[in-house]
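Listed here are the chains, written in short residue letters.
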Amino acid sequence: EAGVAQSPRYKIIEKRQSVAFWCNPISGHATLYWYQQILGQGPKLLIQFQNNGVVDDSQLPKDRFSAERLKGVDSTLKIQPAKLEDSAVYLCASSLDLGNEQFFGPGTRLTVL
Amino acid sequence: QKEVEQDPGPLSVPEGAIVSLNCTYSNSAFQYFMWYRQYSRKGPELLMYTYSSGNKEDGRFTAQVDKSSKYISLFIRDSQPSDSATYLCATEIQGAQKLVFGQGTRLTINP
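Residues numbered from 1 in each chain as written. Chains lettered and ligands numbered in written order. Predicted model: local features only at pLDDT ≥ 70, side-chain atom pairs only at ≥ 80, totals over all residues. Heavy atoms only, no water.

Draft legend 1. How the structure looks around the sheet that holds strand β1 (residues 5-7) of chain A. All names here are of chain A. Ordered by their spatial adjacency, four strands build an open sheet running β1-β3-β8-β7, and the pairing between neighbours is antiparallel. Both outer strands of the open sheet, β1 and β7 (65-68), are each paired with one neighbouring strand and no more. Each adjacent strand pair in this sheet contributes to an overall mean axis angle of 15 degrees, direction not counted. Where β1 lies against strand β3 (residues 19-24), three bridges are found, and the strand directions are antiparallel. In the sheet register, S7 faces β3, and the bridge partner there is W22. (Pairing = 2+ DSSP bridges. Helix = DSSP H or I, 4+ residues; strand = E, 2+ residues; numbered from the N terminus. Axes fitted to C-alpha atoms, helices over the stretch in contact; angles between N-to-C directions.)

Here it is, written out as structure tokens:
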């Protein structure tokens, strides 16, 4: 069974630029999560989708971050404009349904200069 | 105060040692407790999952939960160099569908 796929794996941008990350969850998984993991910290949930609907986006900085999951499969997370403090690993995870085990992708490491 | 506190380490022990990793949490509504292992440049993977107070054993790993003191532990017996990773504790409120992670403890097992 293929795992969660993410791209790109690494991204370096200047502050105030825009960036987008892509996630392909495990086939058949209804729930998709985006986490932010700052160096030396645990992952923090940014947004959670159930199929193509948002379940929880309470910790998403909506002035600069946006995410969508069209058709309830792939998802993209966008940052516009980026700030220095956005430097982190962005992890995508998926689960069969709400409350089931989450499987994480390898993450996208973002560096904002 | 963070909802889940975890000593970031780093922790370095010789091969074969017993390792003890610990977390405390502040919200008594947390009912599910997990330990994740995260290798360098990889995503976290679920190692242990427990619901009730007490011990749960899986091979060389034992997860322990004490809800009265809001304390969770992971013990690794006969530690191996392949156990070198960052270990993250996580908790979840029943029905909230939302994991809250500790900051992770970086562990190195020296051959």
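Once you've had a look at it, read on.
Draft legend 2. Representation of the sheet that holds strand β8 (residues 71-76) of chain B. Residues and elements named next belong to chain B. If you walk across this open sheet you meet the five strands as β1-β3-β8-β7-β6, and the pairing is antiparallel. The two strands at the open ends of the sheet, each matched to only one other strand, are β1 (4-6) and β6 (54-58). Averaged over all pairs of adjacent strands, the angle between their axes in this sheet comes to 20 degrees, without regard to strand direction. Bridge count between β1 and strand β3 (residues 19-25): three bridges; the pairing is antiparallel. Counterpart to Q6 in the pairing with β3 is C23.

Draft legend 3. Looking closely at a positive patch on the surface. On the surface, A:R9, A:R109, B:R41 and B:K42 cluster together to form a positively charged patch. For B:K42, the position within the fold is in the loop between β4 (30-38) and β5 (45-50). (Patch = residues over 30% accessible without salt bridge, like charges linked within 9 Å, V, L, I, M, F, W, Y side chains within 5 Å. Areas by Shrake-Rupley, 256 points an atom, 1.4 Å probe, with all protein chains shown as cover. Salt bridge = Lys/Arg side-chain N within 4 Å of Asp/Glu carboxyl O. Lys, Arg positive; Asp, Glu negative; His and termini not counted. Charge placed at Lys NZ, Arg CZ, Asp CG, Glu CD.)

Draft legend 4. Main features of the layout of surface pockets. In this structure, the largest pocket spans a volume of roughly 730 Å³. When grouped by side-chain class, the residues that make up the lining of the largest pocket number eleven nonpolar, 15 polar and five charged. Of the volumes computed, that of the second largest pocket is approximately 400 Å³. Along its surface, the second largest pocket is lined by 22 residues, and A:P43, A:K44, A:Q59, B:V100 and B:F101 are the ones closest to its centre. The set of elements that each furnish at least two residues to the lining of the second largest pocket consists of β4 (31-37) and β5 (44-50) of chain A together with β9 (85-93) and β10 (99-101) of chain B. With three residues, β10(B) is the largest single contributor of residues to the lining of the second largest pocket. Counted by class, the lining of the second largest pocket contains ten nonpolar, seven polar and five charged residues. (1 Å grid on protein atoms, 1.4 Å probe; cavity = no way out; pocket = protein on both sides within 12 Å on 5 of 7 lines; lining within 4 Å. Points joined across faces, edges and corners; volume = space filled by probe spheres on them. Nonpolar A, V, L, I, M, F, W, Y, C, P; charged D, E, K, R; others polar.)

Draft legend 5. Representation of the nonpolar core. Counting 23 residues, the largest nonpolar core has B:W35, B:I72, B:L74, B:I76 and B:Y87 as the members making the most contacts within it. For this core, the secondary-structure elements that each account for two or more residues are β3, β4, β5, β7 (61-66), β8, β9 and β11 (105-110) of chain B. Looking at which element gives the most residues to this core, the answer is β3(B), with four residues. Formed by 21 residues, the second largest nonpolar core is a distinct cluster that contains A:I13, A:V19, A:C23 and A:F49. (Core = buried A, V, L, I, M, F, W, Y, C linked by side-chain atoms within 4.5 Å. Buried < 20%, exposed > 50% of the residue type's maximum accessible area, 1.4 Å probe, protein only.)

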